[in-house]
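Single-letter residue listing:
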Amino acid sequence: MSPRRVTLADVAKTAGVSPTTASLVLSGRGRELRISQDVEQRVLKAAAELQYRPNIVSVGLRTGTTRTIGFISDTVATTRLAGDMIKGALEAARERGFMLFIGETEGDAELERLLLQAMHDRQVDGIILASMYTRTIKVPKAMAAAPAVLLNALPKQPSPLPSVIPDEIEAGRVAARALLDAGHREGIHLIGAGPARRNVPAGGSVAAVERLIGIREVLAEAGVKPAGGHVCPDWQPEYGLALTRALLEKERPQALICFNDRLALGAYQALDDFGLKVPGDVSVVSFDDHPIASWMRPQLTTVALPHYELGRKAVDVLFTEIGRDREDDGGQGEVHRVPMPIRVRESIASRGA
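Residues numbered from 1 in each chain as written. Predicted model: local features only at pLDDT ≥ 70, side-chain atom pairs only at ≥ 80, totals over all residues. Heavy atoms only, no water.

Focus on the sheet that holds strand β6 (residues 188-192)
Next up, step 1: One open sheet accounts for 6 strands, arranged β7-β6-β8-β9-β10-β12; its pairing is mixed. The two strands at the open ends of the sheet, each matched to only one other strand, are β7 (228-231) and β12 (342-343).
Next up, step 2: For strand β9 (residues 283-288) and strand β10 (residues 301-304), the ladder comprises 4 bridges, and the chain directions are parallel. Bridge pairing in β10 links Ser 286 to Thr 302.
Next up, step 3: The strands touched by helix α10 (residues 261-273) within the sheet are β6, β8 (255-258), β9 and β10, with β9 carrying the most contacts at an inclination of about 155 degrees. (Pairing = 2+ DSSP bridges. Helix = DSSP H or I, 4+ residues; strand = E, 2+ residues; numbered from the N terminus. Contact = heavy atoms within 4.5 Å. Axes fitted to C-alpha atoms, helices over the stretch in contact; angles between N-to-C directions.)

Here it is as C-alpha cells:
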C-alpha cells in the first residue's frame with residue numbers, strides 16, 4: 001500500500017494549531033494577520049518534518065490557476081536541433097513553479113485540434129504553439145480560449161497573438177558583415193536563395209526571405225553586389241553540392257553565403273571535388289549552427305539559431321499575456337525577435353583590400 005498523502009490537517013495537528021492557522025502560515029499570510037512568530041515557526045517546522053506538499057488541485061480551485069502551461073508543436077519534441085526550445089521553455093516555467101504539458105501534432109490538423117481541446121480541458125493557464133522551423137501558420141480558432149503565444153511562427157492572417165521568432169534579418173546582416181570584415185568585396189555567391197528578393201524557395205520560408213533581406217541590405221551599404229544567387233527547392237546537402245558544382249564549372253567564387261549548414265556541407269564537398277580549399281581558396285559562412293557545423297573540417301562559421309533562448313522567451317511573453325487584460329484583443333500581436341549569435345570558426349579567410 002502506498003503511503004498516505006500528508007494533509008494540511010496533519011500539519012495543524014502536529015503544530016498544535018487550527019487548520020485555518022496552518023493554512024494562513026503556509027500561504028505566507030501569517031504576519032499579515034498577526035500570527036505570532038512562535039506559532040509560525042511551529043507550523044513551518046511541522047510542515048518540513050512531515051514533508052507536506054500543498055494539493056495543487058485545491059490551490060488551483062481557490063486561486064483560479066493550475067500552474068500549468070500547454071506546449072504544442074509540430075515536430076519540435078522529436079527533432080534534435082529544435083528540441084532545445086522545449087528545454088528553454090521547461091526551465092523558464094519551472095523557475096516560476098509551473099509545469100509544461102507537451103503534445104506533438106506531426107503536422108496533423110485534427111490532432112492539433114484535439115491537443116488544444118485537451119489542454120483547455122485541463123485548464124492550463126496558457127498555451128505555446130511552436131513550429132520546428134520558422135514559418136507562417138493559420139492560427140487555430142481554439143487558441144483564443146486562453147492566453148497564448150506563437151513560437152517560431154508568424155500568423156498568416158492578422159492575429160492578436162504575440163510571436164517569438166529568431167531575428168533572421170539581423171542574422172543575414174551578421175553573415176554578410178563577417179565576409180566584408182574579412183575583406184571580401186567580389187565574388188560573393190549566395191547558395192540557397194537570391195540574388196533578388198523574389199528568388200527564394202517555394203513554400204513561404206520566413207528564414208529565406210529575411211536572411212536574404214539582411215544580406216542584401218549590408219552588402220548594398222558597402223557598395224557590394226552579390227556575384228550570383230542560386231535557388232534550390234530544399235536546403236539539403238545534395239542541393240548544396242549540385243549548385244556549387246554548377247557554379248564552379250563556370251567561375252571560381254571568392255566566398256559563399258550558404259543559407260543553412262546542410263547546404264554548406266554539400267558546398268564543401270563540391271569545392272573539394274574541384275581541388276579548392278576552405279578557406280584558403282573560398283571562404284564560407286552559413287546559418288543555423290547545426291551539429292555538423294563543428295564536425296566539418298575546417299569547422300564552419302555559422303549564425304546560430306537560438307533554440308533554447310526562443311523557448312525561454314516564449315514563456316516570458318506568455319506570462320505577460322497571462323497577466324494582462326485580454327478584453328481588447330483586436331490589434332496585431334507583437335513580434336519578439338531573439339538575437340542569433342555568430343559562431344566564429346575556421347571557414348573565413350582574410351582577403352586583401
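Further notes follow.
Points about helix α3 (residues 37-50)
Next up, step 1: Given a rise of 1.5 Å per residue, 14 residues ought to cover 20 Å, and the 20 Å separating the end C-alpha atoms of α3 matches this to within 8%.
Next up, step 2: Here α3 has its buried residues at Val 39, Glu 40, Val 43, Ala 46 and Ala 47. All buried residues of α3 fall inside an arc of 130 degrees around its axis, so they share one side. Relative to its buried face, α3 has exposed residues pointing more than 90 degrees away, namely Gln 37, Lys 45, Ala 48 and Glu 49.
Next up, step 3: Considering only its buried residues, α3 is in contact with α1 (8-15) and α2 (19-26).
Next up, step 4: Once α3 finishes, Gln 51 follows within two positions and takes phi at roughly 55 degrees, a positive value. (Expected span 1.5 Å × (residues − 1). Buried < 20%, exposed > 50% of the residue type's maximum accessible area, 1.4 Å probe, protein only. Arc of directions from axis to C-beta.)

Here's the deal with the sheet that holds strand β11 (residues 335-338)
Pairing between the strands of a sheet is mediated by backbone hydrogen bonds and can be parallel or antiparallel.
Next up, step 1: Pairing is parallel in the open sheet, where 6 strands are placed in the order β2-β1-β3-β4-β5-β11. Lying at the two open borders of the sheet, with one neighbouring strand each, are β2 (99-104) and β11. When the angles between neighbouring strand axes are averaged without regard to direction, this sheet yields 25 degrees.
Next up, step 2: In this sheet, strand β4 (residues 148-155) lies alongside strand β3 (residues 126-137) in parallel orientation, the contact comprising 7 bridges. Looking at β4, one finds that Ile 128 is bridged to Val 149.

Quick look at the side chain of Thr 105
Next up, step 1: For Thr 105, the location among the structural elements is in the loop between β2 and α6 (109-121).
Next up, step 2: Here Thr 105 is in contact with Ile 72, Ser 73, Asp 74, Leu 111, Glu 112 and Leu 115, once residues within four sequence places are set aside.

A few points about unusual backbone geometry
Next up, step 1: Gly 194 connects to Pro 195 through a cis peptide bond whose omega is 5 degrees.
Next up, step 2: Relative to the helices and strands, Pro 195 resides in the loop between β6 and α8 (206-221).
Next up, step 3: Of the consecutive residues Arg 297 and Pro 298, the connecting peptide bond is found in the cis state with omega at -5 degrees.
Next up, step 4: In this structure, Pro 298 sits in the loop between α11 (292-295) and β10.
Next up, step 5: Within the chain, Gln 123 stands out as a residue other than glycine whose phi angle is a positive 55 degrees.
Next up, step 6: Take Gln 123: it is sitting in the loop between α6 and β3.
Next up, step 7: Here Gln 123 falls in the exposed class, since its relative accessible area comes to 56%.
Next up, step 8: Positioned with a positive phi, Asp 288 is a non-glycine residue whose angle comes to about 110 degrees.
Next up, step 9: Here Asp 288 lies in strand β9.
Next up, step 10: Residue Asp 288 is classed as buried on the basis of its relative accessible area, which comes to 8%.

Some remarks on the packing of α2 against α3
Next up, step 1: The contact between α2 and α3 brings their axes to 10 Å, and the two run at 85 degrees. Viewed along their axes, α2 and α3 adopt a mutual orientation that is roughly perpendicular. Facing Thr 21, Ala 22, Val 25 and Leu 26 of α2, the residues of α3 in contact are Val 39, Glu 40, Val 43, Leu 44 and Ala 47.
Next up, step 2: For the contact of α2 with α3, a count of residues per class yields 7 nonpolar, 1 polar and 1 charged. (Parallel < 35°, antiparallel > 145°, perpendicular 65-115°, else oblique. Nonpolar A, V, L, I, M, F, W, Y, C, P; charged D, E, K, R; others polar.)

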